[in-house]
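Residue-level listing of the chains:
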Amino acid sequence: QKEVEQNSGPLSVPEGAIASLNCTYSDRGSQSFFWYRQYSGKSPELIMFIYSNGDKEDGRFTAQLNKASQYVSLLIRDSQPSDSATYLCAVNSGSGDMRFGAGTRLTVKP
Amino acid sequence: NAGVTQTPKFRILKIGQSMTLQCTQDMNHNYMYWYRQDPGMGLKLIYYSVGAGITDKGEVPNGYNVSRSTTEDFPLRLELAAPSQTSVYFCASSLLADYQETQYFGPGTRLLVL
């Protein structure tokens, strides 16, 4: 069974702080890892993906991947109230089979 | 360029009724997907297609059927609707299915089965 686990939260951080979101997965054959943001009542939108061990930075977002530990994380620096949303971790084992975690709800308080 | 479009936006079904959820993409993507999202949960893959004429089961295919006669369209058919199928359904598409694929999502169809 291909499982993707996330802390459901809610995670609350003050404005300007760093938000840290975590995700673990069970399938060692997984090849790529995605973070989506989903506002209430809206469809998911891609923030970033990562497929190599280490860090990948895009603006205020940094994805971290450790395949040995089967762990991927997302850091959001200088958090803004507009970052308040549910963050979905997704894992692709190839050939179109994408598995999503249940999501972590983040609230950034002004 | 409309991206991924879904119809209807909302539908109420009675138990035992059938319906088809429509999905169309205009990005000439090879891959298309159907997900369902229950309240407070992540997305579960129902079916996906790697191209016209080819479909595969995902994580939760029971109670659903799909077809892919063209590159653009990927309808999802619900036969004999049950309350357990109350959910939000998202269609998505991507150009490739390799490790760098990015999926683009439609706005979703909210289905209520009573």
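Refer to the structure printed above.
Residues numbered from 1 in each chain as written. Chains lettered and ligands numbered in written order. Predicted model: local features only at pLDDT ≥ 70, side-chain atom pairs only at ≥ 80, totals over all residues. Heavy atoms only, no water.

At the interface, 23 residues of chain A touch 21 residues of chain B. Between chain A and chain B, roughly 1800 Å² of surface is buried when both sides are summed, and carbon and sulfur atoms account for 55% of that area. Note that E59 of chain B is salt-bridged to R99 of chain A, the shortest N-O span being 3.8 Å. Counting across the interface, chain A meets chain B through 2 residue pairs in polar contact (both at pLDDT 80 or more). Every element with two or more residues in the side of chain A that touches chain B is listed here: strand 4 (32-38), strand 5 (45-50), strand 9 (85-92) and strand 10 (98-100) of chain A. Here the side of chain A that touches chain B is composed, by residue class, of 10 nonpolar, 10 polar and 3 charged. (Contact = heavy atoms within 4.5 Å. Buried area = accessible area lost by both parts, 1.4 Å probe. Salt bridge = Lys/Arg side-chain N within 4 Å of Asp/Glu carboxyl O. Polar contact = N/O pair within 3.5 Å; in protein donor to acceptor, adjacent residues only side chain to side chain. Helix = DSSP H or I, 4+ residues; strand = E, 2+ residues; numbered from the N terminus. Nonpolar A, V, L, I, M, F, W, Y, C, P; charged D, E, K, R; others polar.)

Two strands in a sheet stick together by hydrogen bonds in their backbones, pointing the same way (parallel) or opposite ways (antiparallel). All names here are of chain B. In space, the 4 strands of this open sheet follow the order 1-3-8-7, with antiparallel pairing throughout. Because the sheet does not close on itself, it has two edges, and the strands there are strand 1 (4-7) and strand 7 (64-66). Each neighbouring strand pair of the sheet contributes to a mean axis angle of 20 degrees, computed without reference to strand direction. As judged from the 3 bridges shared by strand 3 (residues 19-25) and strand 8 (residues 76-78), these two strands associate in the antiparallel manner. When the sheet's bridge partners are listed, L21 is paired in strand 8 with L76. (Pairing = 2+ DSSP bridges. Axes fitted to C-alpha atoms, helices over the stretch in contact; angles between N-to-C directions.)

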